[in-house]
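Here is what each chain is made of, one letter per residue.
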Amino acid sequence: MTEQMRLMAVHAHPDDESSKGAATMAKYVADGVQVLVATCTGGERGSVLNPKMDRPEVLADITNIRRAEMAKAREILGVDQAWLGFIDSGLPEGDPLPPLPEGCFGLQDPEEAAKPLVKLIREFRPHVMTTYDENGGYPHPDHIMCHKISVVAFEAAGDPEKYPELGEPWQPMKLYYNSGWTRARMLALHEGMLAAGLESPYTEWLEKWSDRDDRGDKITTRVECGEFFHIRDDALRAHATQVDPDGFWFRIPLELQQKVWPTEDFELVRSLVDSPVPESDLFAGIHESAVRSEV
């Protein structure tokens, strides 16, 4: 029998898993893939971004509430999830930026902070990992550190000389970066809204777009997952402190999204199997390798 495929998605905070690659995870769950989300921090310093939840009792119990939101979201997505145990850094604001809080995730040594992720990789044995690019997708210190420890762990997990106390070595076959908003995607949805006679929420954003913010030319892999967009949105709404159900993220009708841009997109940055790009499957090359090994 063919080995069950396993996917690990490494994220900085609870809610990131529902806004980045969530429909892809739901698709693979439906295909019989075992999916594990590794959440680096508890989101303890995250702001309450939903005005309906911006209440004193919520702020006073934010750690427990965000854990409960994560439990609901992972149930909706059908994934397993593990906490790596780091403390949220918060998003520093001001000019100059204030120092990060002592002991937070963003101040960790990546080689040391990679240890719980290496241990989890060796236990779960993923074939594919996803994480953020070197800029964190956006420059939040926890997202940047998430990138750093993911790269360290991907390379170290299969090396018997690295962290030998953390279990039997296991080498994932492929590492991807989640692709965030590209100009092409935003423009397609913007034009789709206008063509449908609807007001686009992206007009101002496109006017301020800078070419340096665009990584569209780095995309290697587009996963068709439009039929799972509703699961993605339900999971995102489960993070009620972070997302306003009447807000920006839900203004594009699902049917329009499915028609105009029915994929979630990724950058293949490391592959130990033959997987020519462009791809439409994160497991491209791995399935074929498994079949060859059985012959």
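Rules used throughout
Counting starts from 1 at the beginning of each chain's written sequence and moves along it residue by residue. Where local features are concerned, this predicted model is filtered to residues with pLDDT of at least 70; where side-chain atom pairs are given and counted, the filter is 80 or more; whole-chain, interface and lining totals use all residues. Side-chain numbers come from the whole structure's heavy atoms, not from hydrogens or water. In this text, helices come from DSSP runs of H or I with a minimum length of four residues, and strands from runs of E with a minimum of two, each type numbered from the N-terminal end. Based on C-alpha atoms, the radius of gyration is set beside the globule rule, defined as 2.2 Å times the residue count to the power 0.38. Summary of the burial criterion: residues with accessible area below 20% of their type's maximum are buried, those above 50% are exposed, and those between are partly exposed, where the area comes from a 1.4 Å probe applied to protein chains only. None of His or the chain ends enter the tally, which takes Lys and Arg as positive and Asp and Glu as negative. To locate a charge, the coordinates of NZ of Lys, CZ of Arg, CG of Asp or CD of Glu are taken. Where helices are involved, their axes are fitted lines through C-alpha atoms of the stretch in contact, as for all axes, and angles between N-to-C directions lie from 0 to 180°. With respect to orientation, any angle under 35 degrees is reported as roughly parallel, any angle over 145 as roughly antiparallel, any angle of 65 to 115 as roughly perpendicular, and every other angle as oblique. Should the near helix be turned counterclockwise from the far one by less than a right angle, the crossing is left-handed, whereas a clockwise turn marks it as right-handed. Every residue pair with non-hydrogen atoms within 4.5 Å of one another is taken to be in contact. Any residue that is not Ala, Val, Leu, Ile, Met, Phe, Trp, Tyr, Cys, Pro, Asp, Glu, Lys or Arg is counted as polar, Gly included; the first ten are nonpolar and the last four charged. On a scale of 0 to 100, pLDDT captures the predictor's confidence in every residue. One speaks of a salt bridge when a side-chain nitrogen belonging to Lys or Arg is within 4 Å of a carboxyl oxygen belonging to Asp or Glu. Only buried Ala, Val, Leu, Ile, Met, Phe, Trp, Tyr and Cys residues count toward a nonpolar core, and they belong to the same one when joined by side-chain atoms within 4.5 Å. Only centres within 6.5 Å qualify two rings of Phe, Tyr or Trp (six-membered ring in Trp) as a pair; their planes then separate them into stacked at under 30 degrees, edge-to-face at over 60, and tilted for everything else. Any Lys NZ or Arg CZ that is within 6 Å of a ring centre and within 35 degrees of that ring's normal is treated as a charge sitting over the ring.

A. Geometry of the overall build of the protein chain. Across its full length, the protein chain carries twelve helices and seven strands. The C-alpha atoms of the protein chain give 19 Å as radius of gyration, which agrees with the globular expectation for 295 residues (19 Å, within 12%). Burial statistics for the protein chain: of 295 residues in total, 51% are counted as buried. If the 30 positive side-chain charges of the protein chain are averaged to one point and the 51 negative ones to another, these points end up 1 Å apart.

B. Quick peek at the packing of helix H6 (residues 115-124) against helix H7 (residues 141-156). Contact geometry for H6 and H7: axes closest at 9 Å, N-to-C directions at 45°. One element, H6, and the other, H7, form an angle in the oblique class. Read as a crossing pair, H6 and H7 show a hand that is right-handed. Contacts between H6 and H7 involve Leu117, Val118, Ile121 and Arg122 on the former and, on the latter, Ile149, Ser150, Ala153, Phe154 and Ala156. Per-class residue counts for the contact of H6 with H7 are seven nonpolar, one polar and one charged.

C. Structural context of the packing of helix H4 (residues 62-77) against helix H10 (residues 229-238). Between H4 and H10, whose axes approach to 8 Å, the crossing angle comes to 170°. When the axes of H4 and H10 are compared, the pair comes out roughly antiparallel. Of the residues in H10, those in contact with Glu69, Lys72, Ala73, Ile76 and Leu77 of H4 are Ile231, Asp234, Ala235 and Ala238. Among the residues making up the contact of H4 with H10, the classes are represented as six nonpolar, no polar and three charged.

D. Molecular detail of the environment of Ala114. With respect to the secondary-structure elements, Ala114 resides in the loop between helix H5 (110-113) and H6. With a relative accessible area of 0%, Ala114 lands in the buried category. Through-space distance from the C-alpha of Ala114 to that of Leu84 is 9.5 Å; in sequence the pair is 30 residues apart. When neighbours within four sequence positions are excluded, Ala114 is seen to be in contact with Ile149, Val152, Ala153 and Tyr163.

E. The arrangement of H6 in detail. For H6, the complete set of buried residues consists of Leu117, Val118, Leu120, Ile121, Arg122 and Phe124. Where the residues of H6 are buried, they touch strand S1 (6-11), strand S2 (34-41), strand S3 (80-86), strand S4 (128-131) and H7. Positive backbone phi, at 60°, marks Arg125, one or two positions downstream of H6.

F. Quick look at the confidence of the model for the protein chain. Confidence along the protein chain averages 93 in pLDDT terms, with 96% of residues attaining 70 or more. In this model, residues 291-295 is a region of pLDDT below 50 whose contacts with residues beyond four sequence positions or in other chains number three contacts.

G. Representation of the pattern of salt bridges. According to the stated counting rule, one finds 18 salt bridges in the structure shown. Salt-bridge contacts for Asp133 lead to Arg215; the nearest nitrogen and oxygen are separated by 3.2 Å. Placement of Asp133 in the loop between S4 and H7 and of Arg215 in the loop between helix H9 (203-207) and strand S6 (221-224) is noted, with a sequence separation of 82 residues between them. For the residue pair Asp133 and Arg215, the accessibility class agrees, reading buried in each case. Of the charged contacts in the structure, one is a salt bridge between Glu204 and Lys208, with a shortest N-O distance of 3.0 Å. Overlapping salt bridges bring together Asp133, Glu134, Arg215 and Glu267 as one network.

H. Molecular detail of H10. Among the ten residues in H10, seven count as buried, and that is most of the element. Along H10, the positions that sit buried rather than exposed are Phe229, Ile231, Arg232, Asp233, Ala235, Leu236 and Ala238.

I. Fine view of the nonpolar core. If you look at the biggest cluster of nonpolar residues, it comprises 31 residues, and the most contacted ones within it are Met8, Val10, Leu84, Leu117, Val118, Ile121 and Ile149. Contributing elements (two or more residues each) for this core: S1, S2, S3, H6 and H7. When residues in this core are grouped by element, the largest group, seven residues, is from H7. Leave out the neighbours within four places in its chain, and Val118 touches Ala153, Ala156, Ala157, Tyr163 and Leu166.

J. Examining the packing of aromatic side chains more closely. In total, this model carries six aromatic pairs according to the counting rule given. Arranged with centres 6.1 Å apart and planes meeting at 50°, the rings of Trp181 and Trp205 form a pair that is tilted. With Trp181 in the loop between strand S5 (174-178) and helix H8 (183-195) and Trp205 in helix H9, the pair connects residues that are 24 residues apart, well separated along the chain. Measuring from centroid to centroid gives 6.3 Å for Tyr202 and Trp205, while their planes differ by 55°, and the two rings are tilted. Of the residues examined, Tyr202 reaches a relative accessible area of 3% and is grouped as buried. For Trp205, a relative accessible area of 34% translates into the label partly exposed. Among the aromatic side chains, those forming a connected cluster through ring pairs are Trp181, Tyr202 and Trp205. We note Arg232 situated over the ring of Phe229; from NZ or CZ to the ring centre the distance is 4.3 Å.

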